[in-house]
Amino acid sequence: MSEKMLPFYVSGSVVRGFGRGSKALGIPTANLPESVVDSLPENFNTGVYYGWVALNGTIYRMVASVGWNPFYKNEKKTFEVHILEKFTNDFYGEELKVIVTGYIRQEKDFTSADELIKEIKNDIAIAEKELDKPNMLKYKCDI
C-alpha cells in the first residue's frame, strides 16, 4: 500500500487468533476476522503499521501486523492489532475501529522468538514516537 493511500480505515469484531501473541511473545494481539483481511485492497502491502484504534469508546495507539507471519509460517493472512495499553481481560467479540496512519516495515522472518520480540518492541517504539507527531494526533478524532 502506498503512503498516499493512508490513512486507511478498517473495523471488525475481535476473533480468536493462534494464541501466540500473549502466551509465546508476551505481546497480546486483537485479531480481526478473515472477512476484514479478505476485503483489504490488493495493493495493501503486508507488513507492520501503526495508527489508532477505538475499543468501547476509548481511543488507543496501536501497532498492526498484516500478513503471513513468516516466523510462524502461517497459511492464512492475518490482521493483528497490538493495542499499546495493558488490559486485564480479553475482549473477544468486541468491535475494533482502526485507522492505519503509517507504515513501519515489511514482514520478515526471524531466527528466534527473542529476535522477533526485539523487533516488535522496536516497532512499538517507532509507533509511539510517530503517533506523538501533530500530523498523526489529528487522526484520533477521526474514529
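Residues numbered from 1 in each chain as written. Predicted model: local features only at pLDDT ≥ 70, side-chain atom pairs only at ≥ 80, totals over all residues. Heavy atoms only, no water.

Keep this limit in mind: UniProt positions are given in the numbering used here, feature names are shortened, and annotations may be inferred rather than shown by experiment.
By the naming in an unreviewed UniProt entry, the chain goes by riboflavin kinase and is assigned to Polistes dominula. Heading Pathway (unreviewed entry) of the UniProt record for the chain holds this comment: "Cofactor biosynthesis; FMN biosynthesis; FMN from riboflavin (ATP route): step 1/1."

## Quick word on helix H3 (residues 113–131)
Count 3.6 residues to each turn of an α-helix, and residues three or four apart come out pointing the same way. Test applied: Secondary structure elements are defined from DSSP: runs of H or I of at least 4 residues count as helices, runs of E of at least 2 residues count as strands, and each element is numbered from the N terminus. Expected helix span is taken as 1.5 Å per residue step, with the number of steps being one fewer than the number of residues. Burial here depends on accessible area, computed with a 1.4 Å probe over protein chains only, as a share of the maximum for the residue type. Under 20% is buried, over 50% is exposed, and the range in between is partly exposed. By arc we mean the arc of the directions from the helix axis to the C-beta atoms, nothing more.
With 19 residues, H3 extends 27 Å between its outermost C-alpha atoms, agreeing within 8% with the 27 Å of an ideal straight helix rising 1.5 Å per residue. Taken residue by residue, H3 has Leu116, Ile117, Glu119, Ile120, Asp123, Ile124, Ala127, Glu130 and Leu131 as its buried positions. The arc enclosing the buried residues of H3, seen along the axis, measures out at 165 degrees, which places them on a common side. Seen from the buried face of H3, the exposed residues on the opposite side, beyond 90 degrees, are Asp114, Lys118, Lys121 and Lys129.

## A word on the nonpolar core
We count it as follows: By nonpolar core is meant a set of buried Ala, Val, Leu, Ile, Met, Phe, Trp, Tyr and Cys residues that side-chain atoms within 4.5 Å join together. Note on contacts: a residue pair is in contact if any heavy atoms of the two residues lie within 4.5 Å.
Ranked by size, the top nonpolar core spans 24 residues in total, and within it Leu32, Phe79, Val81, Ile83, Leu96, Val98 and Val100 carry the most contacts. Elements supplying a minimum of two residues to this core: strand E1 (8–13), helix H2 (34–38), strand E3 (47–55), strand E4 (58–67), strand E5 (78–83) and strand E6 (95–105). Ranked by residue count, the leading element in this core is E4, at 4 residues. Each residue touching leucine 96, except ones within four places of it in the same chain, is listed here: Val10, Ser11, Gly12, Val14, Ala30, Leu32, Val53, Ala54, Leu55, Val81, Ile83 and Phe91. Tyr50, Val63, Leu84 and Ile99 belong to the second largest nonpolar core, which has 18 residues in total.

## A look at the pairing of E4
In plain terms, the rule: The pairing criterion for strands is at least two bridges between them, as found by DSSP.
Of all the 10 residues making up E4, 7 are buried; the element is thus mostly covered by neighbouring parts of the structure. Where E3 lies against E4, 9 bridges are found, and the strand directions are antiparallel. Within the sheet, the bridge partner assigned to tryptophan 52 lies in E4 and is arginine 61. The loop that links E3 with its antiparallel partner E4 comprises 2 residues; one of these, asparagine 56, has a positive phi angle of about 50 degrees. Where E4 meets E5, 6 bridges bridge the pair, whose relative direction is antiparallel. The residue of E5 that forms the bridge with glycine 67 is threonine 78.

## Digging into the pattern of salt bridges
Definition in use: A pair is scored as a salt bridge if a Lys or Arg side-chain nitrogen falls within 4 Å of a carboxyl oxygen belonging to Asp or Glu.
Tallying each qualifying case throughout the model produces 6 salt bridges. Between aspartate 132 and arginine 61 there is a salt bridge, and its shortest N-O distance comes to 2.5 Å. In this pair, aspartate 132 sits in the loop between H3 and helix H4 (134–137) while arginine 61 sits in strand E4, placing the two residues 71 residues apart along the sequence. A relative accessible area of 24% places arginine 61 in the partly exposed class. Residue lysine 108 pairs with glutamate 119 through a salt bridge whose shortest N-O separation is 3.3 Å. Within this pair, whereas lysine 108 is found in the loop between E6 and H3, its partner glutamate 119 is found in helix H3, the two being separated by 11 residues in sequence. A residue is classified by how much of its surface remains accessible, and glutamate 119, at 17% relative accessible area, is buried. Residues joined by salt bridges that share partners form a network here, namely Arg105, Lys108, Glu119 and Asp123.

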